Amino acid sequence: MKPRRRKPKCYGQVLLTQVWKRLNLIECDYFGLEFQNVQSCWIWLEPMKPIVRQVRRPKNTVLRLAVKFFPPDPGQLQEEYTRYLFALQLKRDLLEERLTCTDTTAALLASHLLQAEIGDYEEALVREHLRAHEYLPGQERALERILELHRGHAGQTPAESDFQVLEIARKLEMYGIRFHTASDREGAKINLAVSHMGVLVFQSCARVRLQMFLNERLCPEFQSSTKINTFNWSRLRKLSFKRKRFLIKLHPEVHGPYQDTLEFVLGSRDACKNFWKTCVEYHTFFRLADQPKPRARAILFSRGSSFRYSGRTQKQLVDYVKDGGMKRIPYERKHSKTQMSLRALNANLPRQSVLFTEGTRTPASPSSTSASFCSGPASPPAPVGLLGSKDGSGSPTGPPAPSARWPAAERSGVAAAPPPGPPAFQPCQGLSVESPQLPSTRKTPPSLSPLGPAEQGSSPLLSPVLSDAGGAGTDDQEELRHKCAPADEAYFIAKEILATERTYLKDLEVITVWFRSAVVKADAMPADLMTLLFSNIDPIYEFHSGFLREVEQRLALWEGSSSAQATGDHRRIGDVLLSNMLQLKTLTRHFQRLHEVLTELEAASSRLRRLEALRRDFELQKVCYLPLNAFLLKPLQRLRHYRLLLRRLCASDRQDPDRGDQDRADRREALKAITEVTSTLQHSLVRLENLQKLMELQRDLVGIENLIAPGREFIREGCLHKLTRKGLQQRMFFLFSDMLLYTGRGASGTSRFRIRGLLPLRGMLVEERENEWSVPHCFTIYAAQKTVVVAASTQLEKEKWMRDLNAAINAAKSSADTALAPLGSVLCPLPRRPSDEVSLEESEDDARRARCSSGGPGQHRASTAMHVCWDRTTSISRADRSAAVENQLSGYLLRKFKNSSGWQKLWVVFTNFCLFFYKTHQDDCPLASLPLLGYSVSLPGEADGIHKEHVFKLQFKSHVYFFRAESKYTLGRWMEVIKSASTSPGRAGTSEEEA
């Protein structure tokens, strides 16, 4: 008698929902069920399609749970349970040789997996465990290296080990990559893949082997494929397929005069369609805020596929978890050695009805984790992981779980692994999966405690290592990480290169991704200008993306060994720096054309209202945390930063006698190479910085035209108090190479400044006459037709202004023959006064006419350096801005407020005299900002009650912050750069601006 079939048209979503419920998986949208089709290709179970139309041979089909979407940063995974499942997926990929890497990196990953599995190093136990369980192909060759690395992980919890696995794996080029074999138009064999960035193209293994053989560089650690191109989502206009051909259409500004459609041929129509579906799902999940609405189906005829991604996007998933959309089950696991007794007590419990096995118990079973769905006796279920529930090595506390009877390496197994070969698919009555009854006695890790209202932002919570440090547990984790990290100065300089490179790449993405997307969507920029802009920015972005990846991989090896064991290649960084600094020379023409890009963009904005409105709206977005033009300066400014860091790195060689001679030589050659590049481009950078500042002032100041003129240079901007009939009035002064402007706040409701006076430098005289006016820190400016009395906030500010004014006046005298373009103004002419009369403010009628002619206040960014100078009554010179460029810094810091008890870990970026705070380095928008002008930086005193190492204190009036760095070197660097941006503490000002 045939078994009765239930729900023959049951959709895939029904099965997925029951699996998520049984696993109690909150962040379930990262996962999926996959199976092999008739052609033995792994494909995903589609939620919106009946199962019987997908699984053609149910009796011979194995469904397995797997990670479907790989986020770029494990910090985006908010649940420890989810990170554990990801670690198991990477364990499977490592064994199946999908996650290709060098032998050293593979051993490092295996050592962390081993630490999470059985805990701290015990040689006899570890060797016995590795004899019974395989982590790597050919594990015997790397056995001693695995043991050596495992010995250095003492004290790591399973959660910390899982996070280290994710952190190392995400830096590998093959992280989350699933190959789809194809060929290009010439018939050359390639591999296609898709990631969060876009569509990737790899050379096939055979081509890489041949190329390396011809170049006589064949080595045992070569990668199976080499990435040759990346098509970012922002550069793609359309993805489609026609039979076996996969088509990529690019935006016009990307392909330029070349072909706008790229064509790849896959093995079959089904393979092509499956890859197209994967691309659609990845694009929707990572790029869209909301899932797209289903397209209405045609009544008679339909053209094209109606396939759409049906789950939540990453943004929706993050918001759902953060807002508590699903009740969280507290989760905690321990090492397997603490669970031996539980295994003994539960050795005879019945099997679960859902089988999730790793397939790594014996070397004879190379297949990855499979999941057989069958009916069976129910038993008290426990949380099931990617490959099952956590037992010995990470079993949750509470009532004994059935998974506790399995060996230590099978901490994820709910049932014993089937013998090698495809297990039978047993017909399930409707494929029902019971909802688990989870123990309620587990504890929530303190590192996952929610943020308070002041600290919450749009970014996801971090891992236990990089999460909010409100409790004492995070301090212990930080101390453990600092103890295990290398201690030499060269390591921290290399880490600074890595941190600042991450920030720099995010800054480039403001142009290459965000601004490009806004421009394409609005269709507001001429095609020739788009080609000019992106054809010069994109090659720079592609270069730095590769450089960042190389530095991440080298630092992962460096951090994988203790400072006593790290020798040879593990501590080398010079070869990476040298090869990339030499490559920078090939980008010189792109750097030199940035001046043209900036000029053309400004000209088009003044000519096209739609483009000007687009720029204004874009600069008000959170992702554009600086003026748009400032991001175009970043590539040239980064070159100067490289030079500073390489000088520090070469200087550290004298303190490290164990450094290899070859690494020393590589570092010196890298410094020489970047010095040549910066010397060539120094003049371009100075011109570009001056042009960008004039453009910024032209847009911010109301009542002046033609501020940008050949030969005009910005010198200083700042706040002074001007003597008027009503007494001292606060004014904003701007000193240029040919004139001095002073402005005042515009009408209420606007943050813009309105021109109130203009004083030419020719014939100007500056005198110090405090006794005459009885005003502290005052001096008198005699112009051709005006006399102005101004007062600075401090004696130091007065000396700075008088020094720069006198230098500018002398320079103007020597260049008397050079005539600058006249300034136009929308203001009516300023009233002239006798030369011996103190300048007073223009009349109310003049001010009223000026407000009417300026076109209204409008909306504008109120956090620029100009506004900070106004609020803090200080000033910034051209030399200050130049120094700030070289002193940019990024990294993780622990922050504590004056009256708070806990520390919060944040990614902190210092640029443009301001600290910007992010939850992680992957976030696009800052959570808050802190302008540093007027702040003092020092070490905490006894009265502050701070008993931690590497802490510095920021104070402005009654506003006090404490920041904790990871090392003595990092502490010194942060204090150094902040001192370069802050000013004397005696100046007046207002409270800091918190976003």
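Because the structure is predicted, anything quoted here is derived from the model rather than measured.

What about the overall build of the protein chain?
Assigned secondary structure in the protein chain consists of 26 helices and 32 strands. Scored against the burial criterion, the 995 residues of the protein chain give a buried share of 57%. Summed over all atoms, the accessible surface of the protein chain reaches about 42600 Å², with 52% contributed by carbon and sulfur.

With respect to the UniProt feature "coiled-coil region" (unreviewed entry) in the protein chain
Here the UniProt feature "coiled-coil region" (unreviewed entry) sits at residues 584-621. In residues 584-621, the share of helix is 82% and the share of strand is 0%. The end C-alpha atoms are 32 Å apart.

Looking at the side chain of S161
With respect to the helices and strands, S161 occurs in helix α6 (residues 158-169). Among the polar contacts listed, one links the side chain of S161 to the side chain of Q156, at a separation of 3.0 Å. When sequence neighbours within four positions are dropped, the list of residues in contact with S161 reads H112, Q115, A116 and Q156.

Observations regarding the packing of aromatic side chains
The final tally for this structure, using the stated rule, is 34 aromatic pairs. An angle of 85° between the planes, with centres 6.2 Å apart, marks the rings of F69 and F286 as edge-to-face. With F69 in the loop between β3 (64-67) and α2 (80-95) and F286 in helix α9 (residues 269-287), the pair connects residues that are 217 residues apart, well separated along the chain. Summarising the burial analysis for this pair, F69 and F286 share the class buried. On the numbers, 5.5 Å between centres and 20° between planes, the contact of F952 with F963 is stacked. Of this pair, F952 sits in strand β31 (residues 951-956) while F963 sits in strand β32 (residues 959-964), placing them 11 residues apart in sequence. Considered together, F952 and F963 belong to a single accessibility category, that of buried residues. By the ring-pair criterion, three or more aromatic residues cluster together here, those being Y30, F31, F69, F70, F86, Y175, Y282, F285, F286 and Y309. Sitting above the plane of the F956 ring, R872 keeps its charged end 4.7 Å from the centroid. A cation over a ring is seen here: R895 above F917, with NZ or CZ 4.8 Å from the ring centre.

Describing the pattern of salt bridges
Oppositely charged side chains are able to pair whenever their charged atoms sit close together. With the rule as written, the count across this model stands at 46 salt bridges. Here E123 ties to R127 by a salt bridge, and the two come within 3.1 Å at their closest N and O atoms. A residue pair is termed a helical-turn pair when its members lie 3 or 4 positions apart in one helix, as E123 and R127 do in helix α4 (residues 123-132) at 4 residues. Residue E123 is classed as partly exposed on the basis of its relative accessible area, which comes to 42%. Ionic contacts of the salt-bridge type, sharing partners, join the residues D73, E167, R170, R502 and E552 into one network.

Brief notes about the nonpolar core
What tends to happen in soluble globular proteins is that the nonpolar side chains get buried as a cluster. One finds F31, L192, V199, L239, F246 and I248 to be the most contacted residues of the largest nonpolar core, which totals 83 residues. Per-domain counts for this core show at least three residues from each of domain 1 (12-67) and domain 2 (177-207 + 221-291 + 309-322). In terms of nonpolar packing, the next biggest core, distinct from the first, is built from 81 residues, M581, A630, L632 and V677 among them.

Digging into the sheet that holds strand β1 (residues 31-36)
If you trace the 3 strands from one edge of the open sheet to the other, you get β2-β1-β3, paired in antiparallel fashion. A strand with exactly one partner marks an edge of an open sheet, and here the two such strands are β2 (42-44) and β3. Sheet twist, expressed as the average angle between the axes of neighbouring strands with direction ignored, equals 45°. Contacts from helix α1 (residues 12-23) reach β1 and β3, with the element oriented near 125° to β1. Strands β1 and β3 of the sheet are contacted by α2, whose axis makes an angle of about 100° with β3.

Some words on the packing of helix α13 (residues 489-522) against helix α26 (residues 968-981)
Running from amino to carboxyl end, α13 crosses α26 at an angle of 50°, the nearest separation of the two axes being 9 Å. If you check the angle between α13 and α26, you find them oblique. You can see that α13 and α26 cross each other, and the crossing is right-handed. Contacts between α13 and α26 involve E489, F492, I493 and E496 from the first element and Y969, T970 and R973 from the second. When its residues are assigned to classes, the contact of α13 with α26 shows 3 nonpolar, 1 polar and 3 charged.

Structural notes on the sheet that holds strand β27 (residues 904-911)
Taken together, 7 strands build an open sheet; the order of strands is β29-β28-β27-β26-β32-β31-β30 and the sheet is antiparallel. Either end of the sheet is taken by a strand with one partner, and the two such strands are β29 (928-931) and β30 (936-938). Pairs of neighbouring strands in the sheet enclose a mean axial angle of 35°, with direction left out of account. Relative to β32, strand β26 (residues 889-897) runs antiparallel, the two being bridged by 4 bridges. Paired with R895 across the strands is F963, a residue of β32. Seen against the sheet, α13 touches β26 and β27 and runs at an angle of roughly 90° to β26.

Digging into unusual backbone geometry
If you check the backbone angles, T873 has positive phi at about 45° while not being a glycine. With a phi close to 60°, F913 is a non-glycine residue in the positive phi region. When you line up the elements, F913 lands in the loop between β27 and β28 (914-918).

Some words on the environment of D488
For D488, the position within the fold is in the loop between α12 (472-484) and α13. Relative accessible area serves as the criterion here: at 18%, D488 is assigned to the buried category. Each C-alpha atom of the pair D488 and Y969 lies 9.2 Å from the other, and the pair is 481 residues apart in sequence.

Remarks on the pairing of strand β23 (residues 778-782)
Most of β23 is tucked away, with 5 of its 5 residues classed as buried. Residues of β23 alternate between two faces, with C778, T780 and Y782 on one and F779 and I781 on the opposite face, all of them buried. As paired elements, strand β22 (residues 765-767) and β23 share 3 bridges and run antiparallel to each other. Residue V766 lies in a different strand from β23, and its bridge partner there is I781. Strand direction decides the pairing type here: β23 and strand β24 (residues 787-791), joined by 5 bridges, are antiparallel. Within β24, the position partnered with F779 by the bridge is V790. Counting the residues between successive antiparallel strands, the hairpin from β23 to β24 contains 4 residues.

Regarding α9
A rise of 1.5 Å per residue sets the reference length of α9, with its 19 residues, at 27 Å; its end C-alpha atoms lie 26 Å apart and thus fit the reference within 8%. Burial in α9 covers these residues: C272, F275, W276, K277, T278, C279, V280, E281, Y282, T284, F285 and F286.

A word on the pairing of strand β21 (residues 753-760)
Along β21, 6 of the 8 residues are buried, which leaves the element largely enclosed by surrounding structure. Here strand β17 (residues 701-702) pairs with β21 via 2 bridges, running parallel. Opposite L701, over in β21, you have F753 as the bridge partner. Where strand β20 (residues 739-745) and β21 come together, 7 bridges link them in antiparallel fashion. What sits directly across from G744, in β21, is R754.

A few points about helix α15 (residues 574-584)
Residues of α15 that are buried: G574, V576, L577, L578, N580, M581 and L584. Contacts from the buried residues of α15 go to α13, α14 (527-559), α16 (588-592), α19 (628-652) and α20 (661-700).

Rules used throughout
Residues numbered from 1 in each chain as written. Predicted model: local features only at pLDDT ≥ 70, side-chain atom pairs only at ≥ 80, totals over all residues. Heavy atoms only, no water. Helix = DSSP H or I, 4+ residues; strand = E, 2+ residues; numbered from the N terminus. Buried < 20%, exposed > 50% of the residue type's maximum accessible area, 1.4 Å probe, protein only. Areas by Shrake-Rupley, 256 points an atom, 1.4 Å probe, with all protein chains shown as cover. UniProt positions renumbered as here; feature names shortened; annotations may be inferred. Polar contact = N/O pair within 3.5 Å; in protein donor to acceptor, adjacent residues only side chain to side chain. Contact = heavy atoms within 4.5 Å. Phe/Tyr/Trp six-rings, centres within 6.5 Å; stacked < 30°, edge-to-face > 60°. Lys NZ or Arg CZ within 6 Å of the ring centre and 35° of its normal. Salt bridge = Lys/Arg side-chain N within 4 Å of Asp/Glu carboxyl O. Core = buried A, V, L, I, M, F, W, Y, C linked by side-chain atoms within 4.5 Å. Domains from an automatic or database assignment. Pairing = 2+ DSSP bridges. Axes fitted to C-alpha atoms, helices over the stretch in contact; angles between N-to-C directions. Parallel < 35°, antiparallel > 145°, perpendicular 65-115°, else oblique. Left-handed = near helix turned anticlockwise from the far one by under 90°. Nonpolar A, V, L, I, M, F, W, Y, C, P; charged D, E, K, R; others polar. Expected span 1.5 Å × (residues − 1).

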